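Examining the three-dimensional arrangement
Listed below are the residues making up each chain.
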Amino acid sequence: MVEQLLTCAGNILAAAKQREASLKSLIYDSEYRYKQRLTAVTMETQRYLPIIEELLAKSGAADARPLASGLLEVVTYELLFGKGLKGSDVGGLRKAIRPYQRPMKDYLKELREEKGAIDNRELLEKSGIKAKDDTVPRYVRVNVLKNSYEEMEAALIEMGYTCVVRRADVEAMISQKKPAEISAMVVEYINSLGPQQFMADLHLSDVAILPPSRDIFQTSWYRESKLITMDKASCIPAIALAPPAGSHVIDTCAAPGNKTNHLACLMKNTGKIFAFDMDKKRTATLDRLLAQSGVTNVETQCADFLEVDPDDPRYAQVSHVLVDPSCSGSGIVSRKDHLTGGEGASRKRLKLLRGLQLRILSHVLKFPSVQKVVYSTCSVHREENEEVVWRILREHPELALTKVMPSWNHRPSPATLDRSETSGEDGYQRDEEYFQFREKTERQMSKKCVRASFEEDRTNGFFVALFERKSPDSSSAELGKRVEVLSGTREEEGKDGLELEGVGGVEVKRKKKNRRSKRDMEEEGSAGAHQQKWVESTPSTDGVVGLTKRKKAKKEVESRAPGGKGWDVKSMLTEVGTSAADSKVGDDVTPGKRKRNKSRDTALPEVVEGGRDVSVDGRKKSAKKSKKEKLEREALRSKDKKLKAEL
């Protein structure tokens, strides 16, 4: 048993040296059953690795190599710094290392004297390789599907912990404080936590902070998943997404499942969560964790999210999406980057990761009813964070950033742009419009996105952004404005918040909310693409509202048409980026592909027939069918009320 453990740890260290994967991934993928033991041996060996390598070199073992690479380092750690080579199955390992055992112990004693260290821990510190995770607190999130925070607080006190900040006192403590003051208070409390003390977090209501020991893993609360151990920063994405009870949510890269559980807790086990992961072992872990933690509203799928069909009727009501994709993991404090040759990831690898992250986000936005998307990484690199966000905003002007956690102080720093550049490898032309957009976006990110770090927040390095689709309420007004521009009755203005003046003696009130300029619409590639996104952003559960908005938009266009009866409604709608045939309730709007949603059998009246002008005839035809449409609307309203009641 011991030999198997040490051999697995040695193989992992050897693979990490060859940069085949991160230590965390290698440990997770190992066949060894007892992951905690494997993690402890592997991490502690690489923690002492600089000292071990020096001892192996001085004793001659590094040249002789009595054991395989990786295994030699693990055995040396266990012999000099660990529990010793104990066990009936390690006789072969003891025999291999015996000739070098005494010289290494002598050299270790000399090294302590040289550094002025009284023990191995102090030797680490004086060698400049003190483990950073020694001072990281242990964050625990209460699993509200099984118990309340107050019950967890009482249980911790019963276990022998002393509570220095109770949940009931937090509101009074922070009510008049600024974000910077709250963050400073958290760090001050964490730095002063004693071995058997804990506190309620001042930012997140379901999180408690304990000392960094592993004692909590021995409790029944941990074994029964009444509490979940996860870094505080990792709790922010679900809090930012905040899916309401009864909603439909997608977790694009869900395993191992802590964030999925957090979503289920916020939704009170109602609605539906579609959780994806493309690795079978990770999906099995996801299933096990969710079952243990009492989650019942999740449908897991072992699948590549990029292969999921956005037009599948199962996802028609998905309104919230969490994107926490593969990243460099450079923000994880417990990583031992000296093992793999430094803290910096290669630019090439970061660009590849950014490409994957952009593809996932772009695919998310194809789902028709999505309104809110959270993007998060445990990376400190701009390439995976701010560089992803501004590119998504550039390609999807229908999105806007929303501020994440107003009480949080740590935000991204705006980048300084080099205006001397005229072109770049990303394919974007560096013109004045580009720099204005980038500067504006950098300012927005510095106010609305979240960054976290060990130095400022005592957490892992993390980044969170929240995208929201702009409200479609301004679409009908935008339609009329574009028609007037095309017909020559008014001039286009390139600024948001444009005030529409009276047309034809009818005064139109100012509508500033999410107004789009001509430049904005052109940046999307085509006006038709803009209308497609507008239709996709309309909730599919509210057919009656969608029907009413389209009718109002049509009437407004026809009432403003110059020349009245002779105006071609089809061409007007085409110019502003919509087609009547593609605007039916329940249809999937995809360029070059018309796919009827069979779950909706009520079609809107046709606006164009045979390519001819029906702006007047169409109204007459609609009048004849008014009775039938009224019945259809009543049926839709009844169906809508039942659906809302079920939700």
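Calculation rules
- Residues numbered from 1 in each chain as written.
- Predicted model: local features only at pLDDT ≥ 70, side-chain atom pairs only at ≥ 80, totals over all residues.
- Heavy atoms only, no water.
- Helix = DSSP H or I, 4+ residues; strand = E, 2+ residues; numbered from the N terminus.
- Contact = heavy atoms within 4.5 Å.
- Phe/Tyr/Trp six-rings, centres within 6.5 Å; stacked < 30°, edge-to-face > 60°.
- Buried < 20%, exposed > 50% of the residue type's maximum accessible area, 1.4 Å probe, protein only.
- Lys NZ or Arg CZ within 6 Å of the ring centre and 35° of its normal.
- pLDDT = per-residue confidence, 0-100.

Okay, the environment of Ile250 next. Looking at the secondary structure, you find Ile250 in strand β6 (residues 248–251). In this structure the C-alpha to C-alpha distance between Ile250 and Leu322, which are 72 residues apart in sequence, comes to 6.3 Å. Residue contacts for Ile250: discarding those within four places in its chain leaves Phe274, Phe276, Phe305, Tyr315, Val318, His320, Val321, Leu322 and Phe367.

What follows deals with the packing of aromatic side chains. Scanning the model with the defined rule gives 13 aromatic pairs in all. Considering the side-chain rings of Phe274 and Tyr315, the 4.9 Å spacing of their centres and the 85 degrees angle between planes classify their relative orientation as edge-to-face. With a gap of 41 residues between them, Phe274 in strand β7 (residues 272–277) and Tyr315 in the loop between β8 (298–302) and β9 (318–323) connect regions that are remote in the sequence. With a relative accessible area of 1%, Tyr315 lands in the buried category. Here the aromatic rings of Tyr315 and Phe367 are separated by 5.9 Å at their centres, their planes lie at 70 degrees, and the arrangement is edge-to-face. Here Tyr315 is found in the loop between β8 and β9, whereas its partner Phe367 is found in the loop between α16 (347–364) and β10 (372–377), with 52 residues between them in sequence. What makes Phe367 buried here is its relative accessible area of 0%. The cationic tip of Arg37 hangs over the ring face of Tyr34; the distance from NZ or CZ to the ring centre is 4.5 Å. The ring of Trp221 has Lys226 lying over it, and the distance from NZ or CZ to the ring centre is 5.3 Å.

With 69% of its residues at a pLDDT of 70 or more, the protein chain has an overall mean of 77. Across residues 474–551, confidence stays below pLDDT 50; counting only partners more than four residues off in sequence or on other chains, it has 147 contacts. In the predicted structure, residues 557–616 sits below a pLDDT of 50 and forms 99 contacts with residues beyond four places in sequence or in another chain.

Moving on, we come to the side chain of Asn297. With respect to the helices and strands, the residue Asn297 is situated in the loop between α15 (280–292) and β8. Of the residues examined, Asn297 reaches a relative accessible area of 3% and is grouped as buried. Those residues in contact with Asn297 that lie beyond four places of it in its chain are Ala264, Met267, Asn269, Thr270, Gly271, Lys272 and Ile273.

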